[in-house]
Structure formats: structure tokens, C-alpha cells
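# Structural description and commentary
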Amino acid sequence: MNFLRGVMGGQSAGPQRSGAETVQKLCDRVASATLLEDRRDAVRALKSLSKKYRLEVGSQAMEHLINVLQMDRSDSEIIGYTLDTLYNLISNDVEEEEPDGSEEENVHKPSSEDLAVQYTEIFIKQPENLTLLLSLLEEFDFHVRWPAVKLLTALLKNLGPQVQQIILVSPMGVSRMMDLLADSREVIRNDGLLLLQQLTKGNAAIQKIVAFESAFERLLDIITEEGMSDGGIVVEDCLLLLVNLMKNNSSNQNFFKEGSYIQRMKTWFEVAEENLNWSAQKVTNLHLMLQLVRVLVSPVNPPGATSTCQKSAFQCGLLQQLCTILMATGVPADILTETINTVSEVIRGSQVNQDYFASVNAPSNPPRPAIVVLLMSMVNERQPFVLRCAVLYCFQCFLYKNQRGQAEIVATLLPTTIDANSISAGQLLCGGLFSADSLSNWCAAVALAHALQDNSVQKEQLLRVQLATSLGNPPVSLLQQCTNILSQGSNVQTRVGLLMLLSTWMTDCPIAVTHFLHNQTNVPFLTAQISENLGEEEQLVQGLCALLLGICIYDNENSLENYTKEKLKQLIEKRIGKEIFIEKLAYISKHELYSRAGQKPQPSYSIPEQMLLDHEFTKLVKELEVLIIKAVQKSSEDEKKEEEVKKSLEQHDSIVSQYKELIREQDMQLNELKKQVTALTTQNEQSQTTITQQAAQIQQLKDQYNLLKIQGKPVDSHHHMHNEAAEINGIQPKADMEEIGRLQEELEQLKKQHGILEGQLAEKDLIIDKMQMSQISGNKDTDDCTDNSGEPTAAPHKELETLRTLVQTQAAEISQLQAKKQELENQPAAMTGLGSGDVDSDSSLRRITQLESRVSALDDENQKLKGQVKVLTEEKDSLDQQMTRTNNTVVILQTDKSRLQQEVVESKKEQDDLLVLLADQDQKIFSLKNKLKELGEAIEDEDDMESGDQDDDDYDEDEPN
């Protein structure tokens, strides 16, 4: 104890020892002392020296301290001192005391960060040390558990990936850390949150384990207990941990959604309007809450996961709550900006959410749509730059894959829908497009381009937009006004925005290309811009001009004689050169902002001057660059070949579609025929059953007859014979009546079949007559009614005569059956005399012989009926085949009719296009006349004008229909 007092600063008679010597003595005492108290005092002394003599304690005492953790586990006090000492060595947060010694000695000492990393490497070199530390987390003693948490956090800060791998393979390692959140002592719980933050950084496997250890449930409970957005630093730590668990981890995001935790997030954003006390901590908490929502609906997530989270956000009312904050007053600017970004990603690509956002109104008088209010902020140069960027992103997300929203925005620009009493989105976009602020120009151009993205219908609709530039002058089209501003040499940012708008507008829209080429100054302007040698700041403009000229070639329909594909390529080769053109086109993808804009949809720029390229436009450039290079380098012969191949493919497609239609009709006919075959098969089976029953009954009659014949007596046995005859007289007439009934039923069936055949024969006659009439009217009788030798054939008439002969034959057979039926009905009356008492044996034998002959006649009649059934079946098959041939002829005629109708529609479409071009030409002539008037030139006299009108009329008459 005297030694320790000397070390700790007590009076000593001898000379003072150095720090290294003191640490060495203490280490020897820890290693050799037999009493626990001595070792505990030595460790306490090392703890007190570990800040001032960090290098000496770490280099000499590390091994001894680890041995103490292993050997003295039962004493919590010495374990606590040991953990505190190790924390002082490993942590960077400890403020070191100024060591004694000269400056020269201190210069060669390693820095605090280097020492922390070195000691961490020494500690985790043996994985058992980390496992031992994890086991100490189970100790409930505050002086053991809390230092262990802090030491683990420091290890993870210094060498996170290596420590994470050891913890990952350690049994129950993550579970012990999760138990810290349930500790009733707030200090341990809060430091446990910091530990889990370090543990879950960048390791998806650990993130999944933590999530499945009920982390979401515990963290949301803590956030609710601490007051949600009004809570303190603990809420911030919980939110940071939640972001770590779900960012770039689709498994945890799905687990969070399926656990119905998104519904619990709604209460976080219930901010009272009268609450104007926005503390710094509350702003931070709300930022993290909004960031957590964005993690769930981020565009970089798998599309399926994002869409399901967007759907849940709408169903639970989270989107509605965010829109309430968006339209509320008194919200700080940074929170409003982040809310706009969050709403943007919640609605991006979700039709239901986009429709709801379109219906949101701002609480103003009169109420205005939220989209209009946001656009007013975007084109207002006095608003903060980050807020304007957020509004642009929100507008882009609203229009992303939303053709309904695109149509609504474009409709506000059309003359028929403009309301002079209210401000619309289209008016704001046009105002921003032509304002003096270059950033407003760029944002409005990009927003309008998103309204046309992948929507050819709206591209054509936007061509109808007319702008009134000044009083007294005729209105000009929006396309013309954009090119006018380009030619005036405005700011680079403005020109880049307009070029992006024009490129998006004209892509896959040949009509817009034609309108653009109608202006004679546009192509010379583009070629001049591309061919000039300008500075680096103008290279992007040159690349975009090359892209726009390439679109004029690729999407050109050759409707203008002066600007066909071939002439534009010749112009490029003469004025610019193909190699230089391709080099200038590559300026876009080589620009420093191109890759930055292509990383994510949200525009993220620090200063307004950097906003030059849009994310969706970079995708368009990537697609068009290769196509334009091929189109420019392609020769006219190659184009002709491609057009021929394209036409052949179109013809092939039309033939395939015709065959598909024919196959579809044949399938329907086949199904109907299958049903008819099934019905006929059932009917045939029933007939066979009836015939079998009749054969059995005939066989029974034969057996009875043979039995009577075998049992016949001599003439003198008159009385016995009389009894047998009486017995036959009592049974046989009954059987005959049953046979007559069956014959009647069969006769009725034959009559029905006869009626059906007559109806089919009538339909066949009608179809044949129609075919003959159509053949006569279409001058096709020679082709259809002649054989290969050229002589007419009478096949339809022969078939008709055959059918009529068959029907007459069946009618005769039915008459014969009716006569036989009458004979059978008269037979029972003649047989009643068999029962008289004065009949002798000779008359009995005659009756038996008659009975035998009648049975034989019935057998013959049965065979005839079978033959008739077979003949009728064959006739039915013949009729079905003839009906099929007739239906095929009808299908061919219908196909010809459809083809002719399609040709008429195409001719009408070509006529409409020519009318549009004529209207543009008239407008152009009118403008040229006005220019001549201004220049004082004489205009042609009335006779010339009349002759010109006559020429126009002649042209209209010659126009193809």
C-alpha cells in the first residue's frame, strides 16, 4: 500500500520515478499479486494513468488487463476498472492530459487516432477477447455493463467491419446487444442505441438480424414514450438507427411494411397549426422522420417494394398528413423543403397518389391547387434555391408515368381551356419560360419537357399553343417563340433548358420536326452553332444543337423538299463534317454534370449555375446518341433498303394479322361443329340403344314362338291346344301394341329429321343463290364456276338435285312406314279371334305361322331403319362439309372488304396531312407578303393574285384522296 501511495502522488523520500517505470511496476503488481485487493488497487492506478500515459499503459498493460477480464470475472469492481482503462486506451473521445517531457519527445509520439486503431487491432487479434466482452453484457451490475457498452462502441468506431464479422459469428452476440434496449436505466439504454448504430452501419446481415430481434417494435415504442417529434436526443438516436436498418435493405423494408409499422408513422407528423415553437431538436427529429419515409419510397429501391410502400402510405393517411404540413403556415423553410421532397417520392409513379395530389388545394381564398401554389414558388426568383429545386422535383414526380396529369397540364395551355380569371399551371410555366431569370427559364423548360415525356399525343397538342408576344402583332406558336429566344443568344442556362425542351418535344414526333423545319432560319442557326469554335462553357450548347439537328434527321418524314433526310446529311457533310458533328454530339455525355445528373432523379446542386442537365434527359441522350450517329453515317441506299425491309415487315405483319383473324374464325366454327358432332353422337347412341332394345324384344318373341312350337300337341288334344292358343292370344297382342308404339316414336323422329334436312336444304339454296349473285356482280363467275380446263362446272346444281332426290326418297319411305303402321294397328283386331272356343288345331297352327312371318317382317323392317339412319348421317356430314366451304368463301370476301376499308382510311389520313401543310404554306406566304409591304416592295396586282388562287384551287383538285 505504501508503494501505491507513492505512485498516486504521496510523499516519498527517494527520487521520483518516470511514467513508464510507474506503469511497469503497476503491471508487475497486477500480474504477480496474490491478493484480489492488491490487483484491484493496481488496476485502479492504471486507470488513473491511462489518460496521461496512454502510450505506456497501452503498450505494457494491455495483456495484463485482458487476463484480469478472464481470471477475475467474479469481482465486478475490478472488471469495471479494467473496462474503463481499456476504454480510455481505445476511445478517441477521451481528452488526453498533457504529458510531461520536452517538445522533441512529444513530436515522435503517435496521434490519438493511430493509437486507438493500434490498440483495437491488438484487442481483436484474439476473437476470444471480443466474445468475452460480449458475455459481460449479460452482467446486470451497472459498473460492468455500462463500461462494456462503451468499449464495444469504441471498438466498432475504430475498426467497424472487422469487429462486425467477429460479432456476426459469435453466438447470441446481437441478441445480447438488443437486450440493452430493455434496460430500465436510461444511460445504458441510450448508449445501447449508440452501440447499435455503429453495429448496423453498412452490414446487411447484421441489419436483418437486428430487425428480426423485434428492433422495430422496441424503437417505435421508445419514440412514442419520448414524445415523438417533440422528444429529445433519444428520439434522434432511434431514428438514426431505423434509417441504418432500412436504407438499401429491401428485406428490412418489406418486414417493416408487413409489420404494419408504416401506419404508426402517421402520428409523427400530426403537427398542430398553432404550435409555432420549432426547436432545433424538433426540426432535426422531423428531418429524420421525413428521411425515413423517403428511405421506404426511394426511387432506387426495387419497383415492387416502392409501389407497395406508396400504397400503404396512401391507405393509412400518411400522404394526406404530409400534404397537410405542405400547405400549413409557419413551417420552417428547411422542413417545408424536405416535406416537398418526401411527398415527391411518395407520389412518384403511383397513379392513385398522383391523382390525390392533383386534388389537394391550398387553404387560400379562393382555394388554389397545390400544384399551382408550388409552381408559383418555383418561378419566383426570390424564393430559396433549395426550395425551388424541391418544387421542380415534386412536379417531375407528379408527371412521372402519369399521362393523365400530363394531359391536364398541357390542357391549361390550349386556347379552349384558358381561364382568364385564374392562374393555371400552363400560364406559370410560360411565364417562367420567358422571364428574365435564367433559373426560372431552365426550371420551366424542364418541367414542360416532363409534361411531354413519352407522350406523343401531348407533343402534338402542344403544337396548337399560340402566344401573344406584343400588341398589334399576330400570335406565334410556342415552338416558334422557343426558337426565337434561342437565336437571340441568351444565357447559357436558358439556352440549355430550351434545347432540352425542343429535343424532348421533337423526339418520336415527326409533325413537330416538320413544324420546326418550316422555319427557314432554324437549320442555319443550328449548323452555325455547331460549326463555330467556342469556349468550354459553350460546348454543352453545341452538343445540344447537334442533338437537335440529329433528331431532325432521324424523325424526318421527308415531307419538306428542301429538308429531307438526305439533304440534311449533305448539309452536315459540307458545312460541318460528319466527324466534327459526331464529336460535337459527344460533348453532352462528356460534360462533367452529365454523370452527376444521371445518378438519381432528384436534382442536387449546390449553386444555381450548376443546374444544366436533367436526369430524364440524360436517359434520352443515351438512347438517341447511337441512333443519330447511325442515321448520319447511313447512305441513301442503306435507307432505301431499310425502308423496303420495313415495308416488307409491315406487309408480313398485315398478312399475319389476317391469318390470325382467319384462324380465330375457324376456331369458332370448329367449336360449333364439335358441339354439333357431340349432339349427333348422343343422338346416334340413343338410336343404337333403341335398336338394341328392339332386337332383344324380337329375340324374345322368337324364343316364345320356338317354345310354343316345341310344346305343340296332336290333333286329338284339342282342349290343351285351345288353352295354349288362348294364352298366346292374351300375351302376343300386348307385345304387338308395344312394337307399334315404338314404331310410331321412330316415325316421329324420322319426320323431325326430315324437317331439319328440308330447313338445311332451304338455307343451302339461299347461300348458293347469294354466292351466285355476288359472283355475277363482282365479275368472278368465270373464276369460281370453271374448272382447270376452262369449262363451266355444275357442281353446286348437282349437289342441289342430289339433296332434293334424297328428300323425296325419305318422304316415300315415311309414307311406306305410315302404311305399315296402319297395317300393324289393324292386326290386333284380326288376332282377337284366336280366343274363340270353336277353333281347331289347324287354325291355331295357321295363327302361329302368321305370327312367325310377322316377326320376320319386323326384323327386316328393323334392318331397313338402321340403313336409313346411316344414310341420314352421311347426308348430314355432306351438308356440313358444303356449309364449311361456303363459310370459307364468305371469310375471303370479308377480308377483301377490310383491306379496302383500311386503304380508304390511310388515304384520308394522307389528305389531312397535306391540308395541314397547305395551311402552313398559306401562313408563310401571308407573312412574306407582310414583309414585302414593310420593305416598300410592290405587290402583284389582282390578276396575278387571281391566277395564284386559281393555281391553289387546281392544286387542291389534284390532291390525292
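Residues numbered from 1 in each chain as written. Predicted model: local features only at pLDDT ≥ 70, side-chain atom pairs only at ≥ 80, totals over all residues. Heavy atoms only, no water.

### Observations concerning the overall build of the chain
Our working definition: Per the convention used, a helix needs a DSSP run of H or I reaching at least four residues, while a strand needs a run of E reaching at least two, with both numbered from the N terminus. Under the scheme applied here, a residue whose accessible area is under 20% of the maximum for its type counts as buried, over 50% as exposed, and between as partly exposed, the area being computed with a 1.4 Å probe on protein chains only. Contacts are residue-level and defined by heavy atoms, with any inter-residue pair within 4.5 Å sufficient. For every accessible area listed, the method is Shrake-Rupley and the probe measures 1.4 Å; residues are considered covered only by the protein chains on display.
Along the backbone of the chain there are 43 helices and 4 strands. Looking at the chain as a whole, 43% of its 961 residues are labelled buried. Within the chain, contacts between residues at least 6 apart in sequence are counted, and of these 72% link residues at least 24 apart. Of the roughly 51,500 Å² of accessible surface on the chain, a fraction of 52% belongs to carbon and sulfur atoms.

### Regarding the nonpolar core
Our working rule: Put simply, a nonpolar core is a bunch of buried Ala, Val, Leu, Ile, Met, Phe, Trp, Tyr and Cys residues held in one set by side-chain atoms that sit within 4.5 Å of each other.
Core analysis: the biggest nonpolar cluster contains 208 residues, and Leu133, Trp268, Phe269, Phe357 and Leu547 have the highest contact counts within it. Excluding anything up to four places from it in sequence, Leu547 contacts Ser503, Leu585, Ile588, Phe617, Val621, Leu624 and Ile628.

### Description of a negative patch on the surface
This is how the line gets drawn: Excluding any residue in a salt bridge, patches collect residues exceeding 30% relative accessible area, merging like charges within 9 Å and nonpolar Val, Leu, Ile, Met, Phe, Trp and Tyr side chains within 5 Å. For this document, the term salt bridge refers to a Lys or Arg side-chain nitrogen within 4 Å of an Asp or Glu carboxyl oxygen. Here the positive residues are Lys and Arg and the negative ones are Asp and Glu; neither His nor the chain ends is included. Where a charge lies is defined by one atom per residue type: Lys uses NZ, Arg uses CZ, Asp uses CG and Glu uses CD.
Together, Glu557, Glu650, Asp653, Glu906, Glu910, Asp912 and Asp913 line one region of the surface with negative charge. Elements that contribute at least two residues to the negative patch include exactly α38 (636–710) and α42 (841–935). Ranked by the residues each element gives to the negative patch, the list is headed by α42, at 4 residues. You can see Asp912 is positioned in helix α42.

### Some details on helix α19 (residues 318–327)
By the criterion of burial, α19 is predominantly enclosed, with 8 of the 10 residues buried. When we look at burial in α19, the residues that qualify are Leu318, Leu319, Gln321, Leu322, Cys323, Ile325, Leu326 and Met327. Those residues of α19 that are buried lie in contact with α17 (280–296), α18 (303–315), α20 (333–347), α21 (351–359), β1 (361–362) and α22 (370–378).

### Brief notes about unusual backbone geometry
Positive phi, normally seen in glycine, also occurs at Met172, with a value near 60°. Within the element layout of this structure, Met172 appears in the loop between α10 (160–169) and α11 (173–178). Unlike most non-glycine residues, Asn248 shows phi in positive territory, near 60°. Judged by its relative accessible area of 65%, Asn248 is exposed.

### Focus on the side chain of Thr342
Stated formally: Distance and chemistry together define a polar contact, namely a pair of N or O atoms within 3.5 Å, with one atom able to donate a hydrogen and the other to accept it when in protein, and with adjacent residues in sequence counting only for side-chain atoms on both sides.
Mapped onto the elements of the fold, Thr342 is located in helix α20. Among the polar contacts listed, one links the side chain of Thr342 to the backbone oxygen of Glu338, at a separation of 2.8 Å. If we skip the residues at most four places from it in the chain, Thr342 touches Leu290, Val293, Arg294 and Leu322.

### What to know about the packing of aromatic side chains
Our working rule: Between rings of Phe, Tyr and Trp, where Trp is taken as its six-membered ring, a pair exists when centres lie within 6.5 Å; planes separated by under 30 degrees are stacked, by over 60 edge-to-face, and by other angles tilted. Should the NZ of a Lys or the CZ of an Arg lie within 6 Å of a ring centre and within 35 degrees of the ring normal, that charge is described as sitting over the ring.
Scanning the entire structure with this criterion turns up 8 aromatic pairs. Judged by centre distance (5.8 Å) and plane angle (35°), the rings of Phe216 and Phe255 are tilted. Highlighted residues: Phe216 in helix α14 (residues 215–225) and Phe255 in helix α16 (residues 250–258), separated in sequence by 39 residues. Ring plane angle 65° and centroid distance 5.9 Å describe the contact between Phe314 and Tyr356, whose orientation is recorded as edge-to-face. Linking Phe314 in helix α18 with Tyr356 in helix α21, this pair joins segments that are 42 residues apart in sequence. Residue classification places Phe314 among the partly exposed positions, given a relative accessible area of 24%. On the basis of relative accessibility, which here comes to 23%, the residue Tyr356 falls in the partly exposed class. An aromatic cluster of at least three residues, connected via ring pairs, comprises Phe212, Phe216, Phe255, Phe256 and Tyr261. For Lys282, the ring lying beneath its charged end belongs to Trp278, and the centroid distance is 4.7 Å.

### Some points on the packing of helix α5 (residues 76–90) against helix α7 (residues 112–124)
To keep things clear, this is the line we draw: Axes here mean lines fitted to C-alpha atoms, for a helix over just the part in contact, with angles spanning 0 to 180 degrees between N-to-C directions. Here the word oblique covers every angle except those under 35 degrees (roughly parallel), over 145 (roughly antiparallel) and from 65 to 115 (roughly perpendicular). Charged means Asp, Glu, Lys or Arg here, nonpolar means Ala, Val, Leu, Ile, Met, Phe, Trp, Tyr, Cys or Pro, and polar covers whatever is left, Gly included.
Following both chains from N to C, one finds α5 and α7 inclined at 130°, their axes separated by 8 Å at the closest point. When the axes of α5 and α7 are compared, the pair comes out oblique. Only Ala116, Tyr119, Thr120 and Phe123 of α7 make contact with α5, whose side of the interface consists of Leu86, Leu89 and Ile90. Counted by class, the contact of α5 with α7 contains 6 nonpolar, 1 polar and no charged residues.

### Regarding helix α31 (residues 522–531)
In terms of residue burial, α31 counts as a mostly covered element, since 7 of its 10 residues are buried. Within α31, burial applies to Asn522, Val523, Phe525, Leu526, Thr527, Gln529 and Ile530.

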